[in-house]
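Breakdown of the fold
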Amino acid sequence: MRCIVQIRDSICSMLQTVSEWLWWERLWLPANVSWSDLEDSDGRVYAKASQLYTALPCALGLLLVRYLFERFLATPLANVWGVRNSVRLTAEPSPILENYFCSQARAPSQADVRSLCKKTSWPERRVQVWFKRRRNQERPGLHKRFCEASWRCVFYFFAFVCGVLALYDKPWLYNMKEVWAGFPKQSMLPSQYWYYLLETGFYLSLLLSLTFDVKRKDFKEQVIHHIATLTLLSFSWISNYIRIGTLVMAVHDSADILLEGAKVFNYAKWHQTAKVMFVVFTVLFMLTRLVIFPFWLIHCTWVYPVEKFAPFFGYYFFNVMLLVLQILHLYWAVLISRMVCKVIFSELEGDDRSDEEENDSDSPEERYHKLSHTNSSGARDRANGH
């Protein structure tokens with residue numbers, strides 16, 4: 001019994017130490033500011049770390065709303081616009097090829113194809129066709145991509161409107177130095193609370209839905225983006241970087257509406273409308289992510305705070321995370337620049353980050369060309385990007 005009590009006390013002591021280190025004021029707040037200074041008083045309300053827990057039920061609620069939206073709105077709209085999945089031939093049963101496909105590679109080398117021909121007693125062409133059909137079976141259909149893009153387009157539009165309503169009458173929207181006026185003792189407004197809750201819940205829902213969303217070639221970058229975004233949202237909430245946080249969210253939401261809208265119209269074969277939207281999106285993306293974000297917002301977080309207080313850990317951490325996002329912006333800007341040239345001179349062929357449908361008649365050389373084409377171009381998707 002005494003041993004159990006000692007173990008319990010040791011665990012409690014360890015957790016207490018971890019908690020003290022985690023919530024050490026010098027990590028989160030400037031010098032001469034403590035958590036007691038951010039307690040509600042005199043009609044002033046401050047953001048609290050415990051409020052972040054509400055993001056989880058918000059994320060689950062958004063997943064439910066998404067399901068209902070895609071089933072009862074996006075699906076009927078897809079049917080009206082004639083969005084149909086292409087007819088796919090099913091790969092014939094073959095335990096040997098299925099085992100290779102699941103455990104080794106989706107696209108075998110020429111040497112492996114010859115080896116599999118010997119094991120199955122099939123001709124080489126039949127094995128190649130089997131792998132093409134098997135890969136096509138796992139690719140998301142056009143209908144699913146249409147529904148997903150529709151949901152994101154509607155959400156980004158709604159979120160951007162919320163951001164405009166939360167910011168249009170605030171002095172820090174027009175004078176960046178007002179972002180740090182009175183920091184960190186800045187009272188939280190109801191509009192800021194709901195705007196943060198909506199965005200945090202959405203990006204958490206994106207992480208939760210990664211397993212059944214369309215998986216694209218920039219999957220890893222999207223995961224990094226979502227985690228960086230959630231980290232920034234959480235840290236800015238706890239450290240009361242809420243004013244700059246709302247500006248960052250609004251800047252990112254503005255361009256994403258056009259990207260998802262271009263996808264929707266392209267899947268519906270409104271190619272000219274999709275082209276125009278994608279070109280406008282590219283201009284807005286370059287303006288917001290490569291000009292406003294680094295030269296206004298990051299400049300605001302690097303330069304102005306040191307005029308008010310000495311740099312602390314949170315100051316460096318927040319700015320490093322913003323730089324991570326800027327690196328992702330540069331990566332996506334290169335992909336978008338490549339794709340916009342193709343969009344101007346040809347048709348917008350869906351989202352280049354998604355795997356391309358293969359025909360049974362594709363030769364190995366054509367297959368290589370398609371892989372080279374899709375790996376060398378792509379379009380930026382959010383999740384958002386924040």
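What this report covers is the structure whose coordinates are included nearby. (Residues numbered from 1 in each chain as written. Predicted model: local features only at pLDDT ≥ 70, side-chain atom pairs only at ≥ 80, totals over all residues. Heavy atoms only, no water.)

Details of the packing of helix H8 (residues 190–208) against helix H9 (residues 219–238)
Note the cut-off: Structural elements are reduced to axes, namely lines fitted to C-alpha atoms, with helices fitted over the stretch in contact, and the angle between N-to-C directions of any two is expressed from 0 to 180 degrees. Going along the chain from the N terminus, every DSSP run of H or I of four or more residues is numbered as a helix, and every run of E of two or more is numbered as a strand. Orientation labels follow simple angle bins: below 35 degrees gives roughly parallel, above 145 gives roughly antiparallel, 65 to 115 gives roughly perpendicular, and whatever is left gives oblique. Crossing handedness follows the turn of the near helix against the far one: under a right angle anticlockwise gives a left-handed crossing, and clockwise gives a right-handed one. The contact criterion used is simple: two residues touch if any of their non-hydrogen atoms lie within 4.5 Å. Residue polarity is assigned by list, with Asp, Glu, Lys and Arg as charged and Ala, Val, Leu, Ile, Met, Phe, Trp, Tyr, Cys and Pro as nonpolar; anything else, Gly included, falls into the polar class.
Contact geometry of H8 with H9 gives a least axis separation of 10 Å together with a crossing angle of 150°. On the basis of the axis angle, H8 is roughly antiparallel to H9. Between H8 and H9 the crossing geometry is left-handed. Between H8 and H9, the contacting residues are Gln192, Tyr193, Tyr196, Glu199, Thr200, Tyr203, Leu204, Leu206 and Leu207 on the first element and His225, His226, Ile227, Thr229, Leu230, Leu233, Ser236 and Trp237 on the second. Taken together, the residues of the contact of H8 with H9 break down into 10 nonpolar, six polar and one charged.

Considering the pattern of salt bridges
It is possible for side chains of opposite charge to pair when their charged atoms get near one another. Applicable threshold: A pairing counts as a salt bridge when a side-chain nitrogen of Lys or Arg comes within 4 Å of a carboxyl oxygen of Asp or Glu. Note on exposure labels: buried denotes an accessible area under 20% of the residue type's maximum, exposed denotes more than 50%, and partly exposed covers the range between, all computed with a 1.4 Å probe on protein chains only.
Tallying each qualifying case throughout the model produces 10 salt bridges. The partner of arginine 126 in a salt bridge is glutamate 92, and the shortest N-O contact between them spans 2.8 Å. Residue arginine 126 is found in helix H6 (residues 124–138), and its partner glutamate 92 is found in the loop between helix H3 (55–80) and helix H4 (95–103); the two are separated by 34 residues along the sequence. Look at glutamate 92 and you get partly exposed, because its relative accessible area is 31%. Residue aspartate 169 is joined to lysine 170 by a salt bridge in which the shortest nitrogen-to-oxygen separation is 2.7 Å. With relative accessibility at 47%, the residue aspartate 169 sits in the partly exposed group.

A closer look at a nonpolar patch on the surface
Using the following cut-off: Patch building starts from residues that exceed 30% relative accessible area and form no salt bridge, then joins like charges within 9 Å and nonpolar side chains (Val, Leu, Ile, Met, Phe, Trp, Tyr) within 5 Å. To be clear on the numbers: accessible area is Shrake-Rupley with a 1.4 Å probe, and residue cover counts the displayed protein chains and nothing else.
Judged by side-chain polarity, Phe157, Val161, Val164, Leu165, Tyr168, Leu173 and Tyr174 come together as a nonpolar surface patch covering roughly 710 Å² of accessible area. Counting through the fold element by element, valine 161 comes out in helix H7 (residues 142–167).

Structural notes on the environment of valine 127
By secondary structure assignment, the location of valine 127 is in helix H6. Taking relative accessible area as the criterion, valine 127 reaches 0% and is therefore assigned buried. For the pair formed by valine 127 and leucine 97, sequence separation is 30 residues and the distance between their alpha carbons is 8.2 Å.

Quick look at the packing of aromatic side chains
Selection rule: Only the six-membered ring of Trp is used, alongside the rings of Phe and Tyr, when aromatic pairs are assigned; centres must lie within 6.5 Å, and planes under 30 degrees apart are stacked while those over 60 apart are edge-to-face, with the rest tilted. Whether a charge lies above a ring is judged from NZ of Lys or CZ of Arg, which has to be within 6 Å of the ring centre and within 35 degrees of the ring normal.
The final tally for this structure, using the stated rule, is 34 aromatic pairs. Connected via pairs of aromatic rings, a cluster forms that spans Trp28, Trp180, Phe183, Phe235, Tyr241, Phe309, Phe312, Phe313, Phe317 and Phe318. Lying over the aromatic face of tryptophan 122, arginine 126 brings its terminal NZ or CZ to 3.9 Å of the ring centre.

A look at the side chain of lysine 170
In plain terms, the rule: Think of a polar contact as two N or O atoms within 3.5 Å of one another; within protein, one of them needs to be a possible hydrogen donor and the other a possible acceptor, and neighboring residues in sequence only count if both atoms come from side chains.
You can see lysine 170 is positioned in the loop between H7 and H8. Judged by relative accessible area, lysine 170 falls into the buried class, the value being 10%. Reaching out from lysine 170, the side chain makes a polar contact with the backbone oxygen of alanine 166 at a distance of 2.9 Å. Not counting residues up to four positions away in its chain, the partners in contact with lysine 170 are Leu189 and Ser191.

Remarks on the environment of tryptophan 270
Relative to the helices and strands, tryptophan 270 is located in the loop between helix H10 (242–267) and helix H11 (271–302). C-alpha separation for the pair tryptophan 270 and tryptophan 81, spaced 189 residues apart in sequence, amounts to 9.5 Å. When sequence neighbours within four positions are dropped, the list of residues in contact with tryptophan 270 reads Trp81 and Phe265.

Re unusual backbone geometry
The peptide bond linking phenylalanine 183 to proline 184 adopts the cis configuration, its omega dihedral lying at 0°. We note that asparagine 32 has phi near 70°; this positive angle belongs to a residue other than glycine. Along the polypeptide, asparagine 32 turns up in the loop between helix H2 (25–28) and H3. Note on asparagine 32: relative accessible area 78%, which makes it exposed. In this model, serine 121 sits at a positive phi of 65°, which is unusual for a non-glycine residue. Relative to the helices and strands, serine 121 is located in the loop between helix H5 (110–120) and H6.

Don't take any of this as a statement about function, it's just geometry.
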